[in-house]
Amino acid sequence: MAASSKRKSSARTKSTPRTPSRTSGNPARRPIVEAGPVTAGDWIGAARLRTLPLAAAPVIIGSGAARSTGPEFHWVIALACLAVAVLLQIGVNFTNDYSDGIRGTDAVRVGPARLTASGRVKPRTVLIIGLSFFALAALVGLAIVVRTEQWWMLAVGAACIVAAWFYTGGKRPYGYAGLGEVFVFVFFGLVATLGTTWVQVFELPQQAWLGAVAAGLFACAVLLANNLRDIDQDREVGKRTLTVLIGRRATQVLFTLFLLAPFGIAVVLALVFPIAWISLLALLAGLPAVLIVWTYRQPRELVIALALTSLTSLLYAGALFWAFAG
């Protein structure tokens, strides 16, 4: 009888294979440890290069608006503004990797694996790299302030770094409370564009404001595509993005509005700057992004929509620069 019981137990064990548990406790809160050393490609991936056009676009638009006010154009200041924007963006990407990783938010992901969540890099190392990029951005920003003597902009720069950190950092990150798009619009749209224009010509023409709104809308569209991709995972770990709060369908509608509205702004600008019509060619990248957002079957497809939206913002910015400077 004992032998028979052992055989039955053995049969049950063989017929019901065990699925190894990813973690003990709450699986969504524990990182997935991936084998293999960290490569240069992993570090480049952590910088999230596909988001960098969003940093460049407002600087390009703001510089074009500055150029439209007169013959003088400060290339050095423009390039310094671009450096600040790119360094801040990379810093945000690394600190997000750190903050989401230690919270366990990235333990269940659809997109590329993160350094912290993968367990292959110490969280402190990722944090130090992110803060180092913030420090570099602060140094370049300080040089701009010294050159232009606009000392009050030190407060603006500090606000940018604070906003970058608290997107996912701190005890109550605003990115976890559905406010990501608000801050992205303000800092990646209004502040970045208008700040670039101001430090070059010390005035803010109407075209700078319109361009700033367009840049902010593109940045919000990219964030929506990113959060739509991660909506199920964010719900699981309690990350309440705007997409989680309003759902898939409303996010698809909002994404479409955010991506297409800048082209309405371009039509208005074309009444004064005729070359602005050329910005409509950026729809060649934008419309496929909209199509993917509405028809995707797998969340990974939204990575392409995100990249196309970033490209759309860069093409649009280049067209406006041409229109303003022409």
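Reading guide: rules and limits
- Residues numbered from 1 in each chain as written.
- Predicted model: local features only at pLDDT ≥ 70, side-chain atom pairs only at ≥ 80, totals over all residues.
- Heavy atoms only, no water.
- Helix = DSSP H or I, 4+ residues; strand = E, 2+ residues; numbered from the N terminus.
- Buried < 20%, exposed > 50% of the residue type's maximum accessible area, 1.4 Å probe, protein only.
- Contact = heavy atoms within 4.5 Å.
- Areas by Shrake-Rupley, 256 points an atom, 1.4 Å probe, with all protein chains shown as cover.
- Salt bridge = Lys/Arg side-chain N within 4 Å of Asp/Glu carboxyl O.
- Expected span 1.5 Å × (residues − 1).
- Axes fitted to C-alpha atoms, helices over the stretch in contact; angles between N-to-C directions.
- Parallel < 35°, antiparallel > 145°, perpendicular 65-115°, else oblique.
- Left-handed = near helix turned anticlockwise from the far one by under 90°.
- pLDDT = per-residue confidence, 0-100.
- Polar contact = N/O pair within 3.5 Å; in protein donor to acceptor, adjacent residues only side chain to side chain.
- Core = buried A, V, L, I, M, F, W, Y, C linked by side-chain atoms within 4.5 Å.
- Bend = angle between axes of the 7 residues up to and from the residue.

**Topic: the overall build of the protein**
Next up, step 1: Assigned secondary structure in the protein consists of 14 helices and zero strands.
Next up, step 2: Taken from N to C terminus, the helices and strands of the protein fall in the order α-α-α-α-α-α-α-α-α-α-α-α-α-α.
Next up, step 3: Across the 326 residues in the protein, those meeting the buried criterion constitute 49%.
Next up, step 4: Sequence separation of at least 24 residues holds for 75% of the intrachain contacts in the protein that already meet a minimum separation of 6.
Next up, step 5: If you sum the accessible surface of the protein, you get close to 15700 Å²; carbon and sulfur atoms cover 67% of it.

**A few points about the pattern of salt bridges**
It is possible for side chains of opposite charge to pair when their charged atoms get near one another.
Next up, step 1: Evaluated as defined, the whole model comprises three salt bridges.
Next up, step 2: In this structure, aspartate 100 engages lysine 239 in a salt bridge whose closest nitrogen and oxygen atoms are separated by 3.7 Å. Pair noted here: aspartate 100 is in helix H4 (residues 75–103) and lysine 239 is in the loop between helix H10 (231–237) and helix H11 (242–246), with a separation of 139 residues, a long-range link. Comparing aspartate 100 with lysine 239, the two get one shared label, buried.

**Quick word on the environment of alanine 163**
Next up, step 1: Tracing the sequence through the fold places alanine 163 in helix H7 (residues 153–166).
Next up, step 2: Setting aside residues no more than four positions away along its own chain, alanine 163 makes contact with Tyr174, Phe183 and Phe187.

**With respect to helix H3 (residues 52–68)**
Next up, step 1: Here H3 is 17 residues long and its end C-alpha atoms lie 25 Å apart, about the 24 Å a rise of 1.5 Å per residue gives.
Next up, step 2: Within H3, 14 of the 17 residues are buried, leaving the element largely enclosed by the surrounding structure.

**Some words on the packing of H4 against helix H8 (residues 180–201)**
Next up, step 1: Direction vectors running N to C along H4 and H8 enclose 155°, while the axes themselves pass 9 Å from each other. With respect to H8, the element H4 is oriented roughly antiparallel. The handedness of the crossing between H4 and H8 is right-handed. Here Ile77, Ala78, Cys81 and Gln89 of H4 lie close against H8, whose contacting residues are Phe188, Thr196, Val199 and Gln200.

**Some remarks on the confidence of the model for the protein**
Next up, step 1: Per-residue confidence for the protein averages 86 on the pLDDT scale, and 86% of its residues sit at or above 70.
Next up, step 2: Contacts for the low-pLDDT stretch residues 1–35, under 50 throughout, to residues beyond four places or in other chains number 27 contacts.

**Some points on the side chain of threonine 95**
Next up, step 1: On the secondary structure map, threonine 95 appears in helix H4.
Next up, step 2: We classify threonine 95 as buried; its relative accessible area is 1%.
Next up, step 3: In this structure the side chain of threonine 95 is engaged in a polar contact, spanning 2.9 Å, whose partner is the backbone oxygen of glycine 91.
Next up, step 4: At a separation of 3.1 Å, a polar atom in the side chain of threonine 95 contacts the main-chain carbonyl oxygen of valine 92.
Next up, step 5: Excluding residues that lie within four positions of it along the chain, threonine 95 makes contacts with Gly130, Leu131, Phe134, Ala164, Trp165 and Thr168.

**A look at the nonpolar core**
Next up, step 1: Formed by 69 residues in total, the largest nonpolar core has its most connected members in Ile61, Phe255, Leu259, Leu302, Tyr316, Leu320 and Phe324.
Next up, step 2: Looking at this core element by element, the count peaks at 14 residues for helix H9 (residues 206–229).
Next up, step 3: In this structure phenylalanine 255 touches Ala221, Leu224, Ala225, Ala289, Val290, Val293 and Thr309, once residues within four positions along its chain are discounted.
Next up, step 4: Within the second largest apolar cluster, 10 residues are counted, among which are Ala46, Leu52, Leu115 and Val121.

**Notes on helix H12 (residues 248–270)**
Next up, step 1: Its 23 residues place the ends of H12 34 Å apart at the C-alpha level, agreeing with the 33 Å of an ideal helix rising 1.5 Å per residue.
Next up, step 2: Where H12 bends most, at leucine 260, the angle is about 25°, and the proline proline 262 comes one to four residues later.
Next up, step 3: Of all the residues in H12, the buried ones are Thr251, Gln252, Phe255, Thr256, Phe258, Leu259, Pro262, Phe263, Ile265, Ala266, Leu269 and Ala270.
Next up, step 4: Contacts made by the buried residues of H12 are with H9, H11, helix H13 (283–295) and helix H14 (301–325).

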